[in-house]
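Listed below are the residues making up each chain.
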Amino acid sequence: MSDVIERLTSLRQHQEDGRRSPHKPLLVLLVLGHLVNTGTSQMSWEEVDGRLGFLLQEFGPPRKGGPKPEYPFTRLRSDMVWELSRDVPDDRVGPLNEEPITGRFVPEVESLLTSDPSAPYRVARGIVEQQFPMTIASDVLIATGLDPEFVFSEGLGAAVSAPERRRSSSWPREILQAWDRSCAFCGFDGHLGGASVAVEAAHVRWFKFGGPDELDNGLALCSLHHKLLDRGVLGLRDPETVMVSEAFSARTDEGRRIYDLHGKRLTPRPGTALPSQEHIRWHLEEVFKAEALAS
Ligand SMILES: [Zn+2]
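Here is what the cut-offs are and how they apply
Residues numbered from 1 in each chain as written. Predicted model: local features only at pLDDT ≥ 70, side-chain atom pairs only at ≥ 80, totals over all residues. Heavy atoms only, no water. Donors = N, O, S within 2.8 Å, 3.2 Å for Na, K, Ca; no water. Tetrahedral: all angles 85-135°; square planar, octahedral: opposite > 155°, others 65-115°. Helix = DSSP H or I, 4+ residues; strand = E, 2+ residues; numbered from the N terminus. Buried < 20%, exposed > 50% of the residue type's maximum accessible area, 1.4 Å probe, protein only. Salt bridge = Lys/Arg side-chain N within 4 Å of Asp/Glu carboxyl O. Axes fitted to C-alpha atoms, helices over the stretch in contact; angles between N-to-C directions. Parallel < 35°, antiparallel > 145°, perpendicular 65-115°, else oblique. Left-handed = near helix turned anticlockwise from the far one by under 90°. Contact = heavy atoms within 4.5 Å. Nonpolar A, V, L, I, M, F, W, Y, C, P; charged D, E, K, R; others polar. Phe/Tyr/Trp six-rings, centres within 6.5 Å; stacked < 30°, edge-to-face > 60°. Lys NZ or Arg CZ within 6 Å of the ring centre and 35° of its normal. pLDDT = per-residue confidence, 0-100. Pairing = 2+ DSSP bridges.

## Observations concerning the coordination of the zinc ion
- Coordination of the zinc ion by the protein involves C183 (SG), C186 (SG), C222 (SG) and H225 (ND1), with metal-donor separations of 1.9 to 2.3 Å.
- Viewed at the metal, the four donor atoms of the zinc ion are separated by angles of 96 to 118°, and the geometry they form is tetrahedral.
- Along the chain, the residues donating to the zinc ion are arranged with the sequence spacing C-x2-C-x35-C-x2-H. Here the residue C183 occupies a position in the loop between α10 (171–178) and β4 (191–192), and C222 occupies one in strand β7 (residues 218–222), the gap between them amounting to 39 residues. Here the two residues C183 and C222 agree in accessibility, since each one is buried.

Right, dumping it as structure tokens:
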């Protein structure tokens, strides 16, 4: 059992210095969701194409050339967990569209996942914790058909202990202090009793992708703006200037208020470190949903 979990949570990826590559992990999550909901991991290319394309668009890094669901659909075979109903070359979409083709977990993996009802959730937890910050992990799970309550419910325990880099336990407090316990974007500074409420320390470069717990890699943000930063709606044009993705839309005045942040200058108190260019560049390349609104 633990061997199967290990295989599904340590997929072979082109892991270059902090570049995100969630293609295979998102395919596995999608198939786990399908398995939990239907009892089988078998999915047609047509269905994977549509749903994984959407997941990569929503939660993957912005990449020229589009989401490319054909990459993981063919390449997951090399991890010995996935098989296709007929042989096709890696990475090419043409042969997939020529005639119907389905993919599924190999029998050994499928039987282990179906014989232990908690196993799909343990695997899902291992994957989602490796790939995404907590602000958006639940959104990813819901989109793949997995209930976050089950995935994160106590007692199941994380499937894998990801290679541990020590978090600095004082970093959130230091970030909040540096930004006067108020959102760097909108100024929200709610308190409940003596403590900040809904003001959080946000990494510019995600911790899981090499972002350090340093003062030049963090901003104090309200819960809303933290989430929008992690989803790529908001970004930084330079260390002092907020930008909004043109991919964002909203109908009500309250929702459209996000647009007002475009071009807004950060005004930290004297001595507070602004995010470094290096971390801003990572966020722009790996998270921000380009393009920005026209200035
Ligand atoms: Zn805010």
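Still more ground to cover, so stick around.
## Thoughts on the pattern of salt bridges
- Within this structure, the stated rule accounts for 19 salt bridges.
- A salt bridge links E108 to R7; the nearest nitrogen and oxygen atoms lie 3.5 Å apart. Taken together, the positions of E108 in helix α6 (residues 107–115) and R7 in helix α1 (residues 2–9) put the pair 101 residues apart, joining distant regions of the chain.
- On the accessibility criterion, E108 (42% relative accessible area) is partly exposed.
- Here R7 falls in the partly exposed class, since its relative accessible area comes to 21%.

## Points about the packing of helix α2 (residues 23–38) against helix α7 (residues 119–131)
- Contact geometry of α2 with α7 gives a least axis separation of 10 Å together with a crossing angle of 155°. Put simply, α2 runs roughly antiparallel to α7. Note that α2 runs across α7; the crossing there is left-handed. Between α2 and α7, the residues in contact are P25, V28, L29, L32, L35 and V36 and P120, Y121, V123, A124, I127 and Q131, respectively.
- Partitioning the contact of α2 with α7 into residue classes produces 11 nonpolar, one polar and no charged.

## Considerations on the packing of aromatic side chains
- Summed over the entire model, instances satisfying the criterion amount to eight aromatic pairs.
- A ring pair is formed by W82 and F105, whose centres lie 6.2 Å apart and whose planes are at 75°; its orientation type is edge-to-face. Of the two residues, W82 sits in strand β2 (residues 82–84) while F105 sits in strand β3 (residues 102–105), which places them 23 residues apart along the sequence. Across the pair, exposure class does not vary: W82 and F105 are buried alike.
- Ring geometry for F248 and Y259: centres 5.8 Å apart, planes at 75°, overall edge-to-face. Highlighted residues: F248 in the loop between β9 (241–244) and α12 (253–256) and Y259 in the loop between α12 and α13 (277–286), separated in sequence by 11 residues.
- Judged by relative accessible area, Y259 falls into the partly exposed class, the value being 23%.
- In this structure an aromatic cluster arises from ring pairing among W45, F73, W82 and F105.
- Lying across the ring of F207, R167 places its NZ or CZ 4.5 Å from the centre.

## A closer look at the confidence of the model for the protein
- Summing up the model confidence of the protein, the mean pLDDT is 92 and the portion of residues at 70 or higher is 95%.
- The low-confidence segment residues 158–162 (pLDDT under 50) makes 11 contacts with residues lying over four places distant or belonging to another chain.

## Overview of the pairing of β9
- Residues T241 and M243 line one face of β9 and the alternating positions V242 and V244 line the opposite face, and both faces are buried.
- Sheet topology places strand β8 (residues 234–238) next to β9; four bridges connect them, and they run antiparallel. Following the sheet pairing, L236 is matched in β9 by V242.
- Between β8 and β9, which pair antiparallel in sequence order, lie two residues.

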